[in-house]
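For reference, the chains in residue letters:
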Amino acid sequence: AQTLPPNIPNAAIPISRTRISNVALRVNQSRGVTFGENLARMVPLKERTNELMGEPGQPVTANDEVAFPGSWKYNSQIYIQQSNPLPASINGIVYRLGVGDNNPANGRS
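Procedures and definitions
Residues numbered from 1 in each chain as written. Predicted model: local features only at pLDDT ≥ 70, side-chain atom pairs only at ≥ 80, totals over all residues. Heavy atoms only, no water. Pairing = 2+ DSSP bridges. Helix = DSSP H or I, 4+ residues; strand = E, 2+ residues; numbered from the N terminus. Axes fitted to C-alpha atoms, helices over the stretch in contact; angles between N-to-C directions. pLDDT = per-residue confidence, 0-100. Buried < 20%, exposed > 50% of the residue type's maximum accessible area, 1.4 Å probe, protein only. Salt bridge = Lys/Arg side-chain N within 4 Å of Asp/Glu carboxyl O. Phe/Tyr/Trp six-rings, centres within 6.5 Å; stacked < 30°, edge-to-face > 60°. Lys NZ or Arg CZ within 6 Å of the ring centre and 35° of its normal. Contact = heavy atoms within 4.5 Å.

(A) Broad picture of the sheet that holds strand β2 (residues 34-36). Taken together, three strands build an open sheet; the order of strands is β3-β2-β5 and the sheet is antiparallel. Sheet topology places β3 (42-44) and β5 (79-81) at the edges, where each strand pairs with a single neighbour. Going across the sheet, the axis of each strand differs from the next one's by a mean of 30°, ignoring polarity. Direction of pairing for β2 relative to β5: antiparallel, over a ladder of three bridges. When the bridges of β5 are listed, Thr34 appears paired with Gln81.

Printed below as a string of C-alpha cells:
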C-alpha cells in the first residue's frame, strides 16, 4: 500500500519539499508489517512484546509512533508492505510532516 502525497491547503509555498519524520500506525492483530519511504528502504514494525526466545511472535494490536527514515523530497509518501503470509490489518496512519527546507544544495532558499 502507498499513501497519497500530502496536500497542504493554503500553503504559502505551493510546491515545496516535505519530510515525514514520525509515523503512528494503528494495527490490529498484525505481524510482519514493514514501512518506509520507498520499497528499497523498508523498516519492520516492532512486534515482539513478551514472548520467550524460540516462541513464535503473536499478532499485535497497537498504536505505535515510530521514527520514519524519510528524506526531503517533493512528494513524500509512506509505503506499507506485508510480504509474508501473515495477518496484517492497518486501521489508521498519522504522520508528522516537515514542510520546506532551506538547504542551499537543493537550489532554493
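(B) How the structure looks around the confidence of the model for the protein. Summary statistics for the protein give a mean pLDDT of 81 and a share of 85% for residues scoring 70 or more. Strand β4 (residues 60-67) is the least confidently modelled element of the protein, averaging 83 in pLDDT, while β5 averages 91, the highest of any element.

(C) Focus on unusual backbone geometry. Positive phi, close to 50°, is recorded for Gln29, a residue that is not glycine. Classification of Gln29 by relative accessible area gives partly exposed; the value is 44%.

(D) Layout of the pattern of salt bridges. Per the counting criterion, the structure on display carries three salt bridges. We note a salt bridge from Arg96 to Glu65, for which the minimum N-O separation is 3.0 Å. Separated by 31 residues along the polypeptide, Arg96 in strand β6 (residues 90-99) and Glu65 in strand β4 bring together distant segments of the chain. The partly exposed category is assigned to Arg96, whose relative accessible area is 47%.

(E) Seen up close, the sheet that holds strand β1 (residues 18-30). Taking strand neighbours across the sheet as the criterion, the three strands line up as β4-β1-β6 in an open arrangement whose pairing is antiparallel. A single partner strand is all that each edge strand has here, and the edge strands are β4 and β6. Averaged over neighbouring strand pairs, the angle between their axes works out to 10° when direction is ignored. Note: β1 against β6, nine bridges, orientation antiparallel. Note on β6: the bridge partner recorded for Ala24 is Val94.

(F) Representation of the packing of aromatic side chains. Per the stated rule, a full pass over the model turns up one aromatic pair. For the ring pair Phe35 and Phe68, a centre distance of 6.1 Å and an interplane angle of 20° mean the geometry is stacked. With Phe35 in strand β2 and Phe68 in the loop between β4 and β5, this residue pair connects regions lying 33 residues apart in the sequence. Across the pair, Phe68 and Phe35 agree in class, each one buried. Over the aromatic face of Tyr74 sits the side chain of Arg17, whose NZ or CZ is 5.9 Å from the ring centroid.

(G) Structural context of the environment of Gly100. Here Gly100 is to be found in the segment after β6. A relative accessible area of 37% places Gly100 in the partly exposed class. Between the C-alpha atoms of Gly100 and Thr18, which are 82 residues apart in sequence, the distance is 5.9 Å. For Gly100, the residues in contact, after removing those within four places along its chain, are Ser16, Arg17 and Trp72.

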